[in-house]
Amino acid sequence: MTVVERREISLVDLLDRLLATGVVITGDLTLRIADVDLVRIDLNAMISSVNHNVPSPFED
């Protein structure tokens, strides 16, 4: 068995790493009662930082 070092990382550092490289979030959520699908939500999101190298798609 190997010993794994436990590292604590702050939320700000985690967000900085994710935004620097970008992250894609996908998921499905289904609300079902008595084998009848009532609500279905599909999620596809890409989160990334915007800077001079990667311009915003919303600018003219």
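Quick caveat, the model's predicted, so the values are computed rather than measured.

A. The pairing of strand S1 (residues 23-33), seen in detail. Here S1 lies mainly on the outside; 0 of its 11 residues are buried. Following S1, the chain reverses through 2 residues before pairing antiparallel with strand S2 (residues 36-47); Ala-34 in that reversal takes a positive phi of roughly 55°.

B. Just the pattern of salt bridges, in detail. Tallying each qualifying case throughout the model produces 2 salt bridges. Across the salt bridge formed by Asp-37 and Arg-32, the nearest N and O atoms sit 2.8 Å from each other. The partner of Asp-42 in a salt bridge is Arg-40, and the shortest N-O contact between them spans 3.4 Å. A relative accessible area of 46% places Asp-42 in the partly exposed class. Classification of Arg-40 as exposed rests on a relative accessible area of 58%.

Conventions we followed
- Residues numbered from 1 in each chain as written.
- Predicted model: local features only at pLDDT ≥ 70, side-chain atom pairs only at ≥ 80, totals over all residues.
- Heavy atoms only, no water.
- Buried < 20%, exposed > 50% of the residue type's maximum accessible area, 1.4 Å probe, protein only.
- Helix = DSSP H or I, 4+ residues; strand = E, 2+ residues; numbered from the N terminus.
- Pairing = 2+ DSSP bridges.
- Salt bridge = Lys/Arg side-chain N within 4 Å of Asp/Glu carboxyl O.

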